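# Observations on the three-dimensional arrangement
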Amino acid sequence: MCSFYNPNVQATYESDTRFVHLKKMELAEYGIVYRINDCYHVTELSDFRLKHQLLFQRFVNIQQQRNLMYVDSVFPLILADLGLDVFLKKITSFEAYVPAQKQFSAPDLLDAGLYYNYKLRDFIEFLLYSDIAQTQKCTGIRNYDKIFGAAGTEDELEFYTLYERLKLYDYLMANMHLEIDMQKSGLTEDEVTLYLKIGVL
């Protein structure tokens, strides 16, 4: 990992037009619609306790759902399942989701942990270097001409160029923050809409 303590070097990176500071940055927001399982009568969002009470239906923005297929054709299902774990306060990071029990199971995998780890890292790469999170059709093109800064030790920034991007993914798997925006989320008689926010504290 490249860590620059020389203030002149740090100033050079921070003044670079390619520099992106990740602190308190929201990278994406997804509205996800679930059907309430017929076995349950729920009147408040706080009444939900179990994942199987909700069944994924669609994303609020269908184009965002289609954009996620650049990661994998089943990635919308994975993100919807992850959203339920965040909603039920079981996880707050991608790293915590990898070993979690899932509604969606990828078929015929010898090591499901490796599969989910790989897919989430690929998603992080798309979030950082492409326009996958937008509500319009994305290009799917990854632009690696960026330098990211993230919190390091002693209030110093850690810098990540193209060559350190795998270390950046390691950092974000653990430190990217996931939460449900309860102000925007809500329910009707038979559906729940959750707004999943993905960012860095």
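In what follows, the accompanying structure is described. Model, not experiment: these values are computed from the prediction.

### Brief notes about the environment of Glu44
Looking at the element boundaries, Glu44 is found in the loop between β3 (25-36) and β4 (54-59). On the basis of relative accessibility, which here comes to 45%, the residue Glu44 falls in the partly exposed class. Sequence separation between Glu44 and Thr188 is 144 residues, and the spatial gap between their C-alpha atoms is 9.6 Å.

### Describing the nonpolar core
Grouped together as the largest cluster of nonpolar side chains are 57 residues, with contacts concentrated most on Tyr30, Leu82, Phe94, Phe123, Leu128 and Ile198. Residue contributions to this core peak at nine residues, all from helix α5 (residues 112-129). Every residue in contact with Tyr30, bar those within four places of it in the chain, is listed here: Phe59, Gln64, Leu68, Leu79, Phe123, Leu127, Ile132, Ala133, Leu194, Tyr195, Leu196 and Ile198.

### Topic: the pairing of strand β7 (residues 176-180)
A one-sided burial pattern is seen for β7, the buried positions being Met176, Leu178 and Ile180 and the unburied ones His177 and Glu179. The pairing of β7 with strand β9 (residues 191-200) spans five bridges and is antiparallel. Among the inter-strand pairings, Ile180 is bridged to a residue of β9, identified as Leu196.

### Comments concerning unusual backbone geometry
In this model, Lys24 sits at a positive phi of 55°, which is unusual for a non-glycine residue. Tracing the chain through its elements places Lys24 in the loop between β2 (19-21) and β3. Even without being a glycine, Lys89 presents a positive backbone phi close to 60°. As for its placement among the helices and strands, Lys89 is situated in the loop between α3 (75-87) and α4 (94-97). Take Lys89: its relative accessible area is 73%, and that puts it in the exposed class.

Here is what the cut-offs are and how they apply
- Residues numbered from 1 in each chain as written.
- Predicted model: local features only at pLDDT ≥ 70, side-chain atom pairs only at ≥ 80, totals over all residues.
- Heavy atoms only, no water.
- Helix = DSSP H or I, 4+ residues; strand = E, 2+ residues; numbered from the N terminus.
- Buried < 20%, exposed > 50% of the residue type's maximum accessible area, 1.4 Å probe, protein only.
- Core = buried A, V, L, I, M, F, W, Y, C linked by side-chain atoms within 4.5 Å.
- Contact = heavy atoms within 4.5 Å.
- Pairing = 2+ DSSP bridges.

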